[in-house]
Amino acid sequence: MRVRVHPRVTDRHPEVTAADVVEAFEGTLRSRARDTHPVQWVGVGTDPSGRLLEYIAVEDEPDGWLVFHAMPATKKVLIEVGLRR
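This one's a predicted model, so the numbers in the text were calculated from it and none came from an experiment.

Parameters at a glance
- Residues numbered from 1 in each chain as written.
- Predicted model: local features only at pLDDT ≥ 70, side-chain atom pairs only at ≥ 80, totals over all residues.
- Heavy atoms only, no water.
- Core = buried A, V, L, I, M, F, W, Y, C linked by side-chain atoms within 4.5 Å.
- Buried < 20%, exposed > 50% of the residue type's maximum accessible area, 1.4 Å probe, protein only.
- Helix = DSSP H or I, 4+ residues; strand = E, 2+ residues; numbered from the N terminus.
- Contact = heavy atoms within 4.5 Å.

Once that is clear, we can look at the nonpolar core. The biggest cluster of nonpolar side chains holds 13 residues, and the ones touching the most others in it are Val-9, Val-21, Phe-25, Tyr-55, Ala-57, Val-67 and Ala-70. Sorting the residues of this core by element identifies strand E1 (2-5), helix H2 (18-26), strand E4 (52-60) and strand E5 (64-72) as the ones contributing at least two each. Residues contacting Ala-70, with those up to four places away along its chain left out, are Val-9, His-13, Val-21, Glu-54 and Tyr-55. Formed by six residues, the second largest nonpolar core is a distinct cluster that contains Val-44, Ile-56, Leu-78 and Val-81.

And the structure:
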């Protein structure tokens, strides 16, 4: 599986590296599909230092993913994926 991180992620959140995002995506704790077209997946995973990161990704042809949003996890996303009430 190939995971690409849009450059906008690190431009907007310089404390988050592309490697952090890939690690969080590959180590997803919870995720869910949003009712969008194309389907966007919102998820939460841990980066190499144990930080919880949220991400939003879409499937990228032919067998990969494009993460276009990532940052330290917010309460809103933790609730959305069911990791917090």
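On we go.
Before going further, it helps to spend a moment on the environment of Val-21. Inspection of the secondary structure puts Val-21 in helix H2. Leave out the neighbours within four places in its chain, and Val-21 touches Val-5, Val-9, Val-16, Leu-53, Val-67 and Ala-70.

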